[in-house]
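Read off the chains here:
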Amino acid sequence: MRYEMMLPHQIREAIEKNWPVVLPLGVLEYHGEHLAVGMDTLAVIRLLAILEAEMDLVILPPFYYGAASYAVEPPEGNGSLHVDAGTLFPFAQAMFKGLLRIGFRNLHVFIHHQTENFAAGMPTDLAFRFAARQAIFEFLEKERGEGWWGNEKMADYYAQQAAGGDPFNWIKAHPLMTPEIIGQFPFDHAAQGETSLMLALCPEGVEMGRLTDERWYTRSAREASAELGGRGRDLILAHMRNVLRPAIG
Ligand SMILES: [Zn+2]
């Protein structure tokens, strides 16, 4: 379900049944002459739309305004839109606090942009991951008071952590492509992998006739195909189901 279309009784049901609530997080960034600038975010959105048809899921309005960076190309006439991570952090913290206040305890963020080394992190995901941690600490302290963790009621904290009941699991961030997927499908920028994913998920955002060999990073895009993209799509969907399903009661 799309959050913006939900009625309060549906929101209450989603809270009660602990449905996953997912934020598609991404950027607007130059992806060569042949791909739409929203690629990283569009991929997340289109994959979630497939999952929405097969499981109970709340999809939040996507956030496109991440820290794209101008590492690939300068923005003038190219379309990259960069908002620095320091600016994103207070926004994300307030948003997560608000979502916790509503009652959601099974929040997920999926991001594709700059996620080839997700454990170390990059500005957009780090800002949102840091904000999620801060929001949870602040929420718990407000709800339960200082000393909440040391309270006798928390004696099973470490056991809960293994079982998934740990409050720090209330908000989780995931790369769209795990290291296992990257081992089986090309991770790149606007090249064979991303172009194939777009051909499979969002063909209206691709104009292969505009592809040029000018930039090193798009050269392998010539070998892109919807068929390869379909294989990537299925690998990613399996990972997303794996992450979202265990929590469904
Ligand atoms: Zn990309």
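Residues numbered from 1 in each chain as written. Predicted model: local features only at pLDDT ≥ 70, side-chain atom pairs only at ≥ 80, totals over all residues. Heavy atoms only, no water.

(A) Main features of the overall build of the protein chain. Of the regular secondary structure elements, the protein chain holds 8 helices and 4 strands. The secondary structure elements of the protein chain, listed N-terminal to C-terminal, are α-β-α-β-α-β-α-α-β-α-α-α. Here the C-alpha atoms of the protein chain give a radius of gyration of 19 Å, agreeing with the 18 Å that 2.2 N^0.38 yields for 249 residues. On the principal axes, the C-alpha backbone points of the protein chain span a range of 65 × 35 × 35 Å. Looking at the protein chain alone, contacts between residues at least 24 apart form 75% of all its contacts between residues at least 6 apart. Entry remark: accessible area of the protein chain is about 12100 Å², with carbon and sulfur atoms responsible for 54%. (Helix = DSSP H or I, 4+ residues; strand = E, 2+ residues; numbered from the N terminus. Rg over C-alpha atoms; globule rule 2.2 N^0.38 Å. Contact = heavy atoms within 4.5 Å. Areas by Shrake-Rupley, 256 points an atom, 1.4 Å probe, with all protein chains shown as cover.)

(B) Unusual backbone geometry, seen in detail. Even without a glycine there, the phi angle at Asn18 is positive, about 55°. The residue Asn18 is located in the loop between helix H1 (8-16) and strand E1 (21-25) in this model. With a phi angle near 60°, Ala190 is a residue other than glycine that sits in the positive phi range.

(C) Main features of the nonpolar core. Ranked by size, the top nonpolar core spans 37 residues in total, and within it Leu23, Phe96, Phe128 and Ile171 carry the most contacts. At the level of elements, H1, E1, helix H3 (85-102), strand E3 (107-111) and helix H4 (123-144) are the ones that each hand at least two residues to this core. By residue number, the principal contributor to this core is H4, which donates 8 residues. For Ile171, the contacting residues outside a window of four places in its chain are Phe96, Leu100, Leu107, Ala132, Arg133 and Ile136. One finds Phe110, Leu176, Phe185 and Ile236 within the second-largest nonpolar core, a separate group that totals 28 residues. (Core = buried A, V, L, I, M, F, W, Y, C linked by side-chain atoms within 4.5 Å. Buried < 20%, exposed > 50% of the residue type's maximum accessible area, 1.4 Å probe, protein only.)

(D) The layout of surface pockets, seen in detail. Estimated volume of the largest pocket: approximately 320 Å³. In terms of lining, the largest pocket is formed by 17 residues, of which the most central are Glu29, Val72, Glu116, Asp188 and His189. For the lining of the largest pocket, the class distribution of residues is 6 nonpolar, 6 polar and 5 charged. (1 Å grid on protein atoms, 1.4 Å probe; cavity = no way out; pocket = protein on both sides within 12 Å on 5 of 7 lines; lining within 4 Å. Points joined across faces, edges and corners; volume = space filled by probe spheres on them. Nonpolar A, V, L, I, M, F, W, Y, C, P; charged D, E, K, R; others polar.)

(E) Expanded view of the sheet that holds E1. Strand order in the open sheet formed by 4 strands is E2-E1-E3-E4, with parallel pairing between adjacent strands. Single-partner strands in this sheet number two, and they are strand E2 (58-59) and strand E4 (171-175). Two elements, E1 and E3, share 5 bridges in a ladder whose sense is parallel. Of the residues in E3, the one forming a bridge with Pro24 is Phe110. Along the sheet, H3 contacts E1, E3 and E4; its crossing angle with E3, the most-contacted strand, is approximately 145°. Those strands touched by H4 are E1, E3 and E4, and its axis lies near 165° from that of E4. (Pairing = 2+ DSSP bridges. Axes fitted to C-alpha atoms, helices over the stretch in contact; angles between N-to-C directions.)

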